[in-house]
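An overview of the molecular structure
Given next are the chains, with one letter for each unit.
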Amino acid sequence: MNNIETKWLKDFLALSDVRSFSQAAEIRNVTQPAFSRRIKSLESELGVELVFRGKTPIELTVAGRQFKSTAISILGQLEEEANRLSGSLSRGCHTVRLSAVHSIAITLLPKLHESLFKPRQNSTRLAVVANEVKDGVDLLVDGKCDFLFSFYEDKLQVSPYRSIYLGKSYLYCVSGTDGKGNPLFSLDNDDNAQVPCLDYTPESYMGRIIQRNNAQLTQNSICSASMTNFIKALALNGQGVCWLPDYSIRKELEEKKLVILTERKPIAMELYIYRYHTRLHETCETIWNELKQICPIKDLCGTLLVG
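A brief look at the structure comes next. (Residues numbered from 1 in each chain as written. Predicted model: local features only at pLDDT ≥ 70, side-chain atom pairs only at ≥ 80, totals over all residues. Heavy atoms only, no water.)

A few words on unusual backbone geometry. Here the amide bond leading from serine 159 into proline 160 is cis, since omega sits at 10°, within 30 degrees of zero. Take proline 160: it is sitting in the loop between strand E5 (147–151) and strand E6 (161–176). Geometrically, the link from cysteine 295 to proline 296 is a cis peptide bond, its omega value of 0° lying close to zero. If you trace the backbone, proline 296 turns up in the segment after helix H11 (282–294). Non-glycine residue asparagine 29 carries a positive phi angle of around 60°. Turning to its location among the elements, asparagine 29 is positioned in the loop between helix H2 (21–27) and helix H3 (32–46). Given a relative accessible area of 71%, asparagine 29 falls into the exposed group. Within the chain, asparagine 214 stands out as a residue other than glycine whose phi angle is a positive 50°. (Helix = DSSP H or I, 4+ residues; strand = E, 2+ residues; numbered from the N terminus. Buried < 20%, exposed > 50% of the residue type's maximum accessible area, 1.4 Å probe, protein only.)

Our next topic: the packing of aromatic side chains. To describe a pair of aromatic rings, one takes the distance between the centres and the angle between the planes. The full count for this structure, using the stated rule, is 9 aromatic pairs. With centroids separated by 5.8 Å and ring planes inclined at 15°, the aromatic side chains of phenylalanine 147 and tryptophan 288 adopt a geometry described as stacked. Here phenylalanine 147 is found in strand E5, whereas its partner tryptophan 288 is found in helix H11, with 141 residues between them in sequence. Accessibility classification places phenylalanine 147 together with tryptophan 288 in one group, the buried group. Taken together, the aromatic side chains of Tyr152, Tyr165, Tyr272 and Tyr274 make up a single cluster linked through ring pairs. (Phe/Tyr/Trp six-rings, centres within 6.5 Å; stacked < 30°, edge-to-face > 60°.)

Where helix H1 (residues 6–18) meets H3, the closest approach of the two axes is 9 Å, and the angle between their N-to-C directions is 110°. As far as their axial angle goes, H3 and H1 are roughly perpendicular. Between H1 and H3, the contacting residues are Lys7, Trp8, Leu9, Asp11, Phe12 and Leu15 on the first element and Phe35, Arg38, Ile39, Ser41 and Leu42 on the second. Each residue belonging to the contact of H1 with H3 can be placed in one class, and the counts come to 7 nonpolar, 1 polar and 3 charged. (Axes fitted to C-alpha atoms, helices over the stretch in contact; angles between N-to-C directions. Parallel < 35°, antiparallel > 145°, perpendicular 65-115°, else oblique. Contact = heavy atoms within 4.5 Å. Nonpolar A, V, L, I, M, F, W, Y, C, P; charged D, E, K, R; others polar.)

A few words on the pattern of salt bridges. Scanning the model with the defined rule gives 11 salt bridges in all. With its nearest N and O atoms 2.6 Å apart, the salt bridge here joins arginine 28 to aspartate 11. Taken together, the residues arginine 28 in the loop between H2 and H3 and aspartate 11 in helix H1 connect sequence positions 17 residues apart. According to the relative accessible area criterion, aspartate 11 is buried, its value standing at 0%. Here aspartate 146 and arginine 97 are joined by a salt bridge, their closest N and O atoms 3.0 Å apart. Note that aspartate 146 is positioned in the loop between helix H7 (133–141) and E5 and arginine 97 in strand E3 (residues 94–101), a separation of 49 residues in sequence. Considered together, aspartate 146 and arginine 97 belong to a single accessibility category, that of buried residues. Counted as one network, the salt bridges with shared partners bring together Asp11, Arg28 and Arg38. (Salt bridge = Lys/Arg side-chain N within 4 Å of Asp/Glu carboxyl O.)

In structure tokens form, the structure reads like this:
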């Protein structure tokens, strides 16, 4: 692989983004036949097919998806070295691309930021994207993030991905309070049909895990959403009962704005950090090794005030 040209890598990344040979050729300012030959040359040098040509729009092969992350890393390192040699103000500074579930990004990433990134604050920049679980997985699969902070996902537990077990979290059934810690709603009666329930959408991760555990709280669903913080806001406003992850309600429990309804057993969730198996930038590899040293975090979410 001594003859790979950087322009081929840029060609391949353009193709992976627009998924069209003609559009990618236009972006790269070459004719389509010339562009196709360059992609073929890259494949020949690597010894694998990178794209399925028989589909419209084109799709990357498994090898193509893996190599995309490598190509991004290689070009990024070349750009950083060029900046360093030219005396650019950003020399030596690498951008680490993180994707995280909304609630994890808000509550847990700051804890890891303090121990992992602050010591390298002059040489590392963070680009954090908070999103839904499915969107985060898509970013990792497409090579558009270095690390994904999310929940257990079957397809990310095997090659070409690597994972670190971050810790265990729980969904708790909670209610808003009267300000003194007394719940506005109760589920200890035989007839809970009229108790308003704040649900997660069925396609969201929380919605799916609640369905798997047959843990719908009541039949009186007054709202459904995919965002934990939105559901929490409604619960704080006294709109109903709901399931919320422990890491998102610690402060509200301490302030007696929310209370855990112990009539329902908590639902366990496992949190992971994912990446491609392909070697990443040196900064990312250092961060990954440090994550392995501190994980799993024993008291990931802190001790909750139950009851």
